[in-house]
Amino acid sequence: MRENNVKIITNATSYFMHQYTKHYLHVKKPADRLPPPPEDKEYLLYIHVPFCTMFCPYCSFNKFNYTKEAATHYFKHLREEILHVKALGYRFNYLVIGGGTPLIDEEELIQTIELVKKLFDIKHVSCESDPNHIQPKTVLRLDGLVDRLSVGVQTFDDTLLKKLGRYEKFGSGEEVYRKIASMLGILPITSVDLIFNFPNQSKENLLYDIETLTKLSPEQSSFYPLMTSSMVKSSVTKTLGKFSLTNEYEFFNIIKESLKKSYPSRHGWSFSKEKEAIFDEYVIDNEEYVGVGSGSFSFINNTLYHNEFALDKYAECIAQRKSAVVKERTFEANSRMYYRLMVDLFNGKLSKKKFEIMFGIKIEDALKKELMALKFAKAIKENKESIVTTEFGDYLFLVLMKEFYMGMDRIRNEARKNLSL
Ligand SMILES: C[S@@+](CC[C@H](N)C(=O)[O-])C[C@H]1O[C@@H](n2cnc3c(N)ncnc32)[C@H](O)[C@@H]1O
Ligand code: SF4
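My aim in this report is to walk through the structure given alongside it, one point at a time.

Thresholds applied
Residue numbers here run from 1 along each chain, matching the order of that chain's written sequence. Chain letters start at A and ligand numbers start at 1, both assigned in the order the entries are written. Given that the model is predicted, a residue must reach a pLDDT of at least 70 before its local features are reported, and side-chain atom pairs must reach 80 or more before they are shown or counted; all residues, however, enter totals for whole chains, interfaces and linings. The basis for the side-chain values is all heavy atoms of the structure; hydrogens and waters are excluded. Under the DSSP-based scheme used, a helix requires at least four consecutive residues in state H or I and a strand at least two consecutive residues in state E, with every element numbered from the N terminus. For the radius of gyration, the atom set is restricted to C-alpha positions; the globular benchmark scales as 2.2 Å times the number of residues to the power 0.38. Any residue under 20% of the maximum accessible area for its type is buried, any over 50% is exposed, and the rest in between are partly exposed; the area is computed with a 1.4 Å probe on protein chains only. The contact rule is simple, with two residues in contact once any of their heavy atoms fall within 4.5 Å. Areas reported as accessible are Shrake-Rupley estimates using a 1.4 Å probe. Residue values count occlusion only from the protein chains shown. Charge assignment in this entry is limited to Lys and Arg as positive and Asp and Glu as negative, and neither His nor the chain termini are counted. All charge positions are set by atom: Lys at NZ, Arg at CZ, Asp at CG, Glu at CD. Here a residue counts as near a molecule or strand whenever at least one of its heavy atoms sits within 4 Å of it. Pairing of N or O atoms within 3.5 Å defines a polar contact, subject to two protein rules: one partner must be a possible hydrogen donor and the other a possible acceptor, and residues neighboring in sequence count only if both atoms are side-chain atoms. As a working rule, the residues Ala, Val, Leu, Ile, Met, Phe, Trp, Tyr, Cys and Pro are called nonpolar, Asp, Glu, Lys and Arg charged, and the rest polar, with Gly in that last group.

1. Observations regarding the overall build of the protein chain
- Counting its secondary structure elements, the protein chain contains 17 helices and 18 strands.
- Taken over C-alpha atoms, the radius of gyration comes to 21 Å for the protein chain, in line with the 22 Å a tight globule of 421 residues would show.
- Each principal axis of the C-alpha distribution contributes one length, and for the protein chain these read about 55 × 50 × 40 Å.
- Buried residues in the protein chain amount to 55% of all 421 residues.
- Taking contacts inside the protein chain between residues at least 6 apart in sequence as the whole, the part at least 24 apart equals 73%.
- Within the structure as shown, the protein chain displays about 19,000 Å² of accessible surface, and the carbon and sulfur contribution to it stands at 52%.
- Seen as two clouds, the 59 positive and the 55 negative side-chain charges of the protein chain have centres 4 Å apart.

Here it is as structure tokens:
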């Protein structure tokens, strides 16, 4: 597709999605509990560990300065919240632990995973880490407890790492490479998180990251486009320079092309060596999930719930009313259909039959105009059973997903307005 057309369509899509999330993605109705499970099935459990020893300029995730005392209290309340969710009747088979930095307090984390495994029949555990908590002796303790560990690298380029403040904290690109190399193979899956399209990142920088990743050869990698919601825009500009979308499409295509051989399975911005590998975008892949911990989201019965963010209030909620849910928002069928279209095509394929079973209406009838626009933009192709993305569509749905994530940041921003870190 011609460069100019790419730009026009991408900007229009981005604008539309921005307006859409601004209108629909806010959670304002006060709430004080999660409902019991609407169905007798196994759900996904997300645990949030909101502590960091540094704050990266691009990161909008819910986090606070780490102190041993705050973390010890927090993990205790977290385990209480898990017990309350169990008492409500929930069963889980999949556990995702994110942050922040989940491994910041190894003992507490292990105790928490062991509790979840005792309470539920967990088939898969996925956890995040920074490069400072992946020494082989730590990772060996996780053997049998964690199936997939994703390590935040962001880039192997030292100039960029210095600007991000990560060089001093986590080491040079080479040191991070060596740290990961020494723990590869201990757990079934190690995944490396990288970010592309940093301000002033050149094509050579990007190729260096791809080459280093391929040489390191972890089982999986996520290559996120830099997301610059209003929460981080000024800190990104201050530390890295002005953000631009000019290279994003080209860079995404370079990544896709370069990783095609060694990582044949792609799931949006995640790449895997194995065809049927489990990825870790719990919000994206799971229709319904329960989140525990400060600022966690749950999506149950068409309703998005979010927990209290402030650590002291989170602790109070758990102690007094056994639930940290403070706000909720129910989504109508129309928004859920848009969401399904976006998520499935972000992963490259939408099954028409699955859509019809889910919503009781054919996608061609429900989203006629949207499908026409996407076909006109040469973003999708269609046959009797399914809709798939074109090469340009792969990128367009990445843009939509990015806007969606930035929309979620607005909810975080609203909820964290008066918090001290
Ligand atoms: C919640 S962070 C936890 C990682 C871990 N604390 C660390 O710093 O290594 C998970 C991943 O989200 C990605 N991420 C965070 N902010 C992002 C942004 N603004 N744009 C794109 N990716 C982002 C990073 O790749 C990061 O490793
Ligand atoms: S990227 Fe990781 S270390 Fe940096 S602020 Fe986000 S969660 Fe904390």
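Having seen the model, we can carry on.
2. Observations regarding the site of ligand 1
- The environment of ligand 1 is formed by 19 residues, the closest being Y58, G99, Q154, R166 and M227.
- Between ligand 1 and S129, the relevant distance is 3.5 Å, taken from an oxygen atom to a main-chain nitrogen or oxygen of the residue.
- Contact distances for ligand 1 include 3.4 Å between an oxygen atom and a backbone N or O atom of G152.
- About the coverage of ligand 1: the protein hides 94% of its 570 Å² of free accessible area.
- Of all the elements in the fold, those that place two or more residues in the shell around ligand 1 are β6 (124–129), β7 (148–154), β8 (189–196) and β9 (220–225).
- Among the residues making up the shell around ligand 1, the classes are represented as nine nonpolar, six polar and four charged.

3. Observations concerning the site of ligand 2
- Lining the immediate surroundings of ligand 2 are C52, M54, F55, C56, Y58, C59, K63, G100 and R166.
- Tallied by class, the residues present in the shell around ligand 2 amount to six nonpolar, one polar and two charged.

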